[in-house]
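Structural features, examined
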Amino acid sequence: MSKVRVLVGTKKGAFILTSDGKRKDWEVNGPHFAGWEMYHLKGSPVEPNRIYASQTSGWFGQVIQRSNDAGKSWETPGSRSEELAGPDGAPKGESNKFVYEGKVGTHKWYDGTQHPWEFKRVWHLEPSLSDPDTVYAGVEDAAIFKTTDGGKTWKELSGLRSAKGHLWQPGAGGMAVHTILLDPKNANRIFIAISAAGAFRTDDGGKTWKPVNRGLKSQYELPDPDVEVGHCVHRIAMHPSRPDVLFMQKHWDVLRTDNAGEQWREVSGNLPTDFGFPIDVHAHEPETIYVVPIKSDSEHFPPDGKLRVYRSKTGGNEWEALTKGLPQKDCYVNVLRDAMAVDSLEPCGVYFGTTGGQVYASATSGDTWNPIVRDLPAVLSVEVQTLR
């Protein structure tokens, strides 16, 4: 029977949740790296037991961790134990070095002045679809890095910052590459999203990039309807069978494109609010998408204190509230941008984690929900692996 492994990153460690294909009973393992912020964990599609993790701390900085045995043991790639901490306690191994290429330059700051690029942390790790040693990393300040040696060394794909990087500006949570989508039909095409610069695409493996934000509207922040960069994109998602069709949850608005980002159109429809962070696509139904609306950009909780996932089976515009098994009173948690995932079983499972430390699962494509675990630290990311 198939198995499912859910990788959960939290504010105070990582957890690995496992179940059989029925997805009824779950084993909870962790915390791994207790006390550390675990921004993201993701397994290789080629070797599922190869898992990469982004571990970070305000005191000790950024550490890349790797497991070759599904999280039973971990290593910092290419670093000896004596290399892992310098005299000041900060990690100094090769795998922890993210150095911008060439002249670093500046970007816009919150107040509109120019500010130098500074590396802070890795927000997202995206393993290659074909090679377990190749991984892309989305970082803050916004840039994309690549490793081809299993995380030992990282090199920036600096062409991204040439796409009007001097005009990029942080959102409330910083300025980071938080979404990386690899086109399964075209190895040279990658989509990324940056808060608060927008969505970008490369068609040559990361050498050059172009903004793909036509059709986005941010009437308060960007009154110019033709501006190329500056939109606060929260998340983008695709179905692997249709990599030209993307769905987006923006700071406000849910949108879709049918031509690889050349033009977007709003599909918020009858949602109670079009503000939220995550968005994902059903494993077998490319027109079925999921979002979790929250009240507003200043009130990050579900409307009326009712936690609801919304599902559209028509690619947007027409939405239904999924409530069975979710708290429908006095619930004031948030669901962050990287905290939703979908497995590939039949029917497909949908998972999300909250800032209140709950991880909810639906083995019925969203019809009914159950908490896998409660009372974890605030959940930053959720990824799922379908193991056959």
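Residues numbered from 1 in each chain as written. Predicted model: local features only at pLDDT ≥ 70, side-chain atom pairs only at ≥ 80, totals over all residues. Heavy atoms only, no water.

With that out of the way, let us pick up the overall build of the protein chain. In terms of regular secondary structure, the protein chain is built from zero helices and 29 strands. In terms of overall size, the protein chain behaves like a compact globule, its C-alpha atoms giving a radius of gyration of 20 Å where 388 residues would be expected to give roughly 21 Å. Seen along its three principal axes, the alpha-carbon backbone of the protein chain occupies a region of about 50 × 50 × 40 Å. Scored against the burial criterion, the 388 residues of the protein chain give a buried share of 57%. In the protein chain, of all internal contacts separated by at least 6 residues, the share reaching a separation of at least 24 is 51%. About 15,900 Å² of surface is accessible on the protein chain, with carbon and sulfur atoms providing 48% of the total. (Helix = DSSP H or I, 4+ residues; strand = E, 2+ residues; numbered from the N terminus. Rg over C-alpha atoms; globule rule 2.2 N^0.38 Å. Buried < 20%, exposed > 50% of the residue type's maximum accessible area, 1.4 Å probe, protein only. Contact = heavy atoms within 4.5 Å. Areas by Shrake-Rupley, 256 points an atom, 1.4 Å probe, with all protein chains shown as cover.)

Right, let's talk about the layout of surface pockets for a bit. In this model, the largest pocket occupies a volume close to 1,000 Å³. Lining the largest pocket we find 36 residues, and of these Lys42, Glu126, Val342, Glu383 and Val384 sit closest to its centre. Of all the secondary-structure elements, those providing two or more residues to the lining of the largest pocket are β4 (37–43), β9 (121–127), β13 (176–182), β17 (233–238), β21 (276–281), β25 (340–342) and β29 (379–387). Of the residues forming the lining of the largest pocket, the biggest block, five residues, is contributed by β29. A breakdown of the residues in the lining of the largest pocket according to their chemical character gives 21 nonpolar, nine polar and six charged. When its volume is computed, the second largest pocket comes out at roughly 870 Å³. Lining of the second largest pocket is provided by 37 residues; of these, Gly171, Ala172, Gly173, Ser195 and Arg337 occupy positions nearest its centre. Per-class residue counts for the lining of the second largest pocket are 17 nonpolar, 13 polar and seven charged. (1 Å grid on protein atoms, 1.4 Å probe; cavity = no way out; pocket = protein on both sides within 12 Å on 5 of 7 lines; lining within 4 Å. Points joined across faces, edges and corners; volume = space filled by probe spheres on them. Nonpolar A, V, L, I, M, F, W, Y, C, P; charged D, E, K, R; others polar.)

Within the open sheet, the four strands sit side by side as β25-β26-β27-β28. Their pairing is antiparallel. Of all the strands in the sheet, just β25 and β28 (370–373) have a single pairing partner and so form its edges. On average, adjacent strands in this sheet sit at an angle of 25° to one another, irrespective of strand direction. Note that strand β27 (residues 359–362) and β28 share three bridges and pair antiparallel. Within β28, the position partnered with Val359 by the bridge is Val373. (Pairing = 2+ DSSP bridges. Axes fitted to C-alpha atoms, helices over the stretch in contact; angles between N-to-C directions.)

Our next topic: the pairing of strand β22 (residues 289–293). Counting buried residues in β22 gives five out of five residues, a clear majority hidden from the surface. Of the two faces of β22, the one holding Ile289, Val291 and Pro293 and the one holding Tyr290 and Val292 are both buried throughout. Bridge analysis of β21 against β22 gives four bridges, and the strand direction is antiparallel. Counterpart to Val281 in the pairing with β22 is Ile289. Bridge analysis of β22 against strand β23 (residues 309–312) gives three bridges, and the strand direction is antiparallel. By the bridge assignment for β23, Val291 is matched with Tyr310.

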